[in-house]
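# Structural overview for review
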Amino acid sequence: MARKYSSKINKIRTFALSLVFVGFIIMYLGVFFRTNMWVMTIFMMLGMLSIIASTVVYFWIGMLSTKAVQVICPSCGKPTKILGRVDMCMYCKEPLTLDKDLEGKEFDEDYNRKKIKTK
């Protein structure tokens, strides 16, 4: 089964956005416990912590994005950012690398790990 790949920056942004929605859902669940103030407060605080965690992740990926290498995708011609040794184009999902040793090889996210498993 083929894995679906995506840009690392987009993955982290999607995770941060999901934290926002999870936080809202947790806070909404707290509304069902209006009769018990402590339980409702716990749900509201957990939801707020999820939203704060999302803010931290968005800030972190913003700082990381400023340090990422920006390249022009050879397939679509749009500027995209690369994190690590291999990454995908944010627009057309073209595998990209700056490492000459990995050019022409099949795309694998394991190339970004420090220890590469030999098969």
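None of the values given here were measured: they were computed from a predicted structure.

### Observations regarding the pairing of strand E2 (residues 79-82)
- In E2, alternate side chains face the same way, and those of Thr80 and Ile82 are buried while those of Pro79 and Lys81 on the opposite face are not.
- The sheet contact formed by strand E1 (residues 69-72) and E2 spans 4 bridges and is antiparallel. Pairing of valine 71 across the sheet is with threonine 80, part of E2.
- Taken together, E1 and the strand that follows it, E2, pair antiparallel across an intervening segment of 6 residues, in which glycine 77 is found at a positive phi of about 80°.

### Things to note about the UniProt feature "transmembrane region" (unreviewed entry) in the protein
- Under the UniProt annotation, the feature "transmembrane region" (unreviewed entry) is placed at residues 12-31 and 37-61.
- Helix makes up 100% of residues 12-31 and strand 0%. Its end C-alpha atoms lie 30 Å apart.

### A closer look at the packing of aromatic side chains
- In total, this model carries 2 aromatic pairs according to the counting rule given.
- A centroid spacing of 5.5 Å and a plane angle of 80° characterise the contact between tyrosine 28 and phenylalanine 32, whose relative ring orientation is edge-to-face. For the residue pair tyrosine 28 and phenylalanine 32, the accessibility class agrees, reading exposed in each case.
- For the pair phenylalanine 33 and phenylalanine 43, a centre-to-centre distance of 5.2 Å together with 10° between the ring planes defines the contact as stacked.

### Quick word on the nonpolar core
- Judged by nonpolar contacts, Ile9, Ile12, Ala16, Leu19, Val57, Ile61, Ala68, Leu83 and Met90 together constitute the single largest core of 9 residues.
- Looking at this core, the elements with two or more residues in it are helix H1 (8-31) and helix H2 (37-67).
- For isoleucine 12, the residues in contact, after removing those within four places along its chain, are Val57, Trp60 and Ile61.

The rules behind each value
- Residues numbered from 1 in each chain as written.
- Predicted model: local features only at pLDDT ≥ 70, side-chain atom pairs only at ≥ 80, totals over all residues.
- Heavy atoms only, no water.
- Buried < 20%, exposed > 50% of the residue type's maximum accessible area, 1.4 Å probe, protein only.
- Helix = DSSP H or I, 4+ residues; strand = E, 2+ residues; numbered from the N terminus.
- Pairing = 2+ DSSP bridges.
- UniProt positions renumbered as here; feature names shortened; annotations may be inferred.
- Phe/Tyr/Trp six-rings, centres within 6.5 Å; stacked < 30°, edge-to-face > 60°.
- Core = buried A, V, L, I, M, F, W, Y, C linked by side-chain atoms within 4.5 Å.
- Contact = heavy atoms within 4.5 Å.

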